[in-house]
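One-letter residues, chain by chain:
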Amino acid sequence: MTVTARAAVLESVGTPAVVRVLELIEPRAGEVRVRMLASGVCHSDLHVRDGEWDRPTPIVMGHEGAGVVEAVGPGVTTPRVGELVALSWLIPCGRCRSCRRGHVWACPDSPSYRHTLLDGETAFRGVRSYCAIATMAEASVVPAAAAIPLPAGTDPAAAALIGCCVTTGVGAVLKTAAVPAGSSVAVLGLGGVGLSCVMGAVVAGASRIVAVDRVAARFDAARAVGATDTVLAGDDAAATAAALRELTDGGPDFVFEAIGRVETAELAITSLPLGGTAVLVGMTPMGARASFDVYPFVDGSRRILGSNYGFAVPAVDFPRYAAWSVEGRLPVTRLIDRRIGLDDIEDAFAAMRRGEYTRQVIEF
Ligand SMILES: [Zn+2]
Ligand SMILES: [Zn+2]
C-alpha cells in the first residue's frame, strides 16, 4: 500500500510554497510514520521561504509539529503506534565534540541539517524534509529519535509548539540563562519565542517581567502569559533602553532578544545594568553583525549568551514542558491566535511579514 500525503513544498528558496500530493516511503529500521495533527508556522520557515537562509530544494516545509505515530519500522520500540509525539528538529549525531559533552543542542553535524533521513534517503520520493521532520504535511516519515512521546492529555497544537518556540523560549530562560528567582527580566519581541521567554520567566520566579514590542496589540497576550509591565518600542532605541532602566531599577538583570535583528541585539546589550546578561535567542539573517562599546561591557562584568533551541535535550525537556502545559503552568495555547489549513500557508507567511498574529497553527 502506498501512502500519500498533501504537503507544503518549496520548489526553490524565495518562491511561494505550493501544496502537492507526495508519496511517502514505508518506515524502515529506526524510522516511524507520524500522522500530523498540528504544525506551527515559525519565523524560521519564513526565512527559508523568502530566501534569507539557503536550504536544498525541493523540500517539504515545517519544523514545529506534533502528531500520532501511525506505523513504526522494524525493531522500533519507542515511540509506539498510537502515541502522541512532538517532533524535534534537531537529532544529535552522538559523535561530535558537543554531543560528547552532552550539549546536544549545539551539534553542528546533526543529520537534521541535511534535511533527509539518517542514511540520506528522502521520506517523500525525490523531495527533502525540512530538518528531517517536514511538519507541514498530512503525514511524514521521520527518524524515531525525533519523535518524542508526550503525556496523555497534551493539546496537539500545544505539543506542536513545544517542538520549537516553547522549548526555544522557555529553555533560554530556565536552562541557558538559569534565571534565579527574584530577577528582573525583559523580553524584546513578543512572537511565539518571546512569549515563551515570558512564560519561562514566570516559572523561574522572576520579580519583574517587562514585555517589549513595536506592536501594542501584542501586549494583551504578553500579560495573559505573565508579563508584569510593557514597553512600546519606537525607532528611538535609547528611549526604549531608558524605559527599561526606569522599570527595573537601573536595567533588567536579563534581557532576552527574541526577534533576530541587529538593532534589538544591540539594544539588549546596551540596556544591561552592571552584571546583567543579554541572551540572544532570535536568529538573524546569515552574515548579520552587531557592535557594542567594549569598555563598559567588560568594566561592568556584563555577559552575552547565545541560546540555540533552549539548550534542549528533547527526550527530557519535551515531556516536562508538556506536563507543565497540561497543569496550566505553561499556558501554551494562549500563544495561538490563528488556526489555519495547509492551503493557507502563503497567506500565513504574508500575515507574518506584516507582523500579524502571535502564532499561526496549521491543523490537519
Ligand atoms: Zn522554529
Ligand atoms: Zn553531534
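One structure accompanies this document, and this report is about it. Note that the coordinates shown come from a computational prediction; the quantities given were computed from them, not determined experimentally.

## What about the coordination of the zinc ion (ligand 1)?
Geometry sets the ideal angles at a metal, namely 109.5 degrees for four tetrahedral donors and 90 or 180 degrees for six octahedral donors. Protein coordination at the zinc ion (ligand 1) comes from Cys42 (SG), His63 (NE2) and Cys164 (SG), with a distance range of 2.1 to 2.2 Å. Between the donor residues of the zinc ion (ligand 1), the gaps in sequence give the motif C-x20-H-x100-C. Residue Cys42 is located in the loop between strand 3 (31–41) and helix 1 (43–49), and its partner His63 is located in the loop between strand 4 (59–60) and strand 5 (65–72); the two are separated by 21 residues in the primary sequence. When sorted by exposure, Cys42 lands in the same class as His63, which is buried.

## Re the layout of surface pockets
By volume, the second largest pocket is sized at about 200 Å³. As for the second largest pocket, its lining consists of 13 residues, of which Leu280, Val281, Gly282, Met283 and Gly306 are closest to the centre. Its residues assigned to classes, the lining of the second largest pocket comprises five nonpolar, six polar and two charged.

## Considering the coordination of the zinc ion (ligand 2)
Protein-derived coordination of the zinc ion (ligand 2) comes from Cys93 (SG), Cys96 (SG), Cys99 (SG) and Cys107 (SG), at a distance range of 2.3 to 2.4 Å. Of note is the zinc ion (ligand 2), whose four donor atoms meet at the metal with angles of 105 to 116° in an arrangement that counts as tetrahedral. Written as a sequence motif, the donor arrangement for the zinc ion (ligand 2) is C-x2-C-x2-C-x7-C. On the basis of relative accessibility, which here comes to 14%, the residue Cys96 falls in the buried class.

Here is what the cut-offs are and how they apply
Every residue gets a number counted from 1 within its own chain, in the order that chain's sequence is written. Chain labels run from A onward and ligand labels from 1 onward, assigned in the order the entries are written. Confidence filtering applies because this is a predicted model: local features only for residues at pLDDT of at least 70, side-chain atom pairs given and counted only at 80 or more, and all residues used for totals across whole chains, interfaces and linings. Values reported for side chains reflect all heavy atoms of the structure, with hydrogen atoms and water molecules removed beforehand. Coordinating N, O and S atoms are those within 2.8 Å of the metal (3.2 Å for Na, K and Ca), and as water is not part of the atoms, a site may appear to have fewer donors than expected. For helices the rule is a DSSP run of H or I covering at least 4 residues; for strands it is a run of E covering at least 2, with both sets numbered from the N terminus onward. Three labels apply to residues, based on accessible area from a 1.4 Å probe with only protein chains included: buried if under 20% of the type maximum, exposed if over 50%, partly exposed otherwise in between. Cavities and pockets were defined on a 1 Å grid built from protein atoms only: a cavity is a group of points that admits a 1.4 Å probe but offers it no way out, a pocket is an open group of points flanked by protein on both sides within 12 Å along at least five of seven lines, and a lining residue is one with an atom within 4 Å of any such point. Grid points are joined across faces, edges and corners, and a volume is the space filled by probe spheres set on the points. Residues were grouped as follows: Ala, Val, Leu, Ile, Met, Phe, Trp, Tyr, Cys and Pro as nonpolar; Asp, Glu, Lys and Arg as charged; and all remaining residues, including Gly, as polar. Here the metal geometry follows the donor angles, with tetrahedral for four donors whose angles all fall between 85 and 135 degrees, square planar for four and octahedral for six when opposite donors are more than 155 degrees apart and every other angle is between 65 and 115, and irregular for all the rest.

Everything listed is a geometric property; what it means functionally is a separate question.
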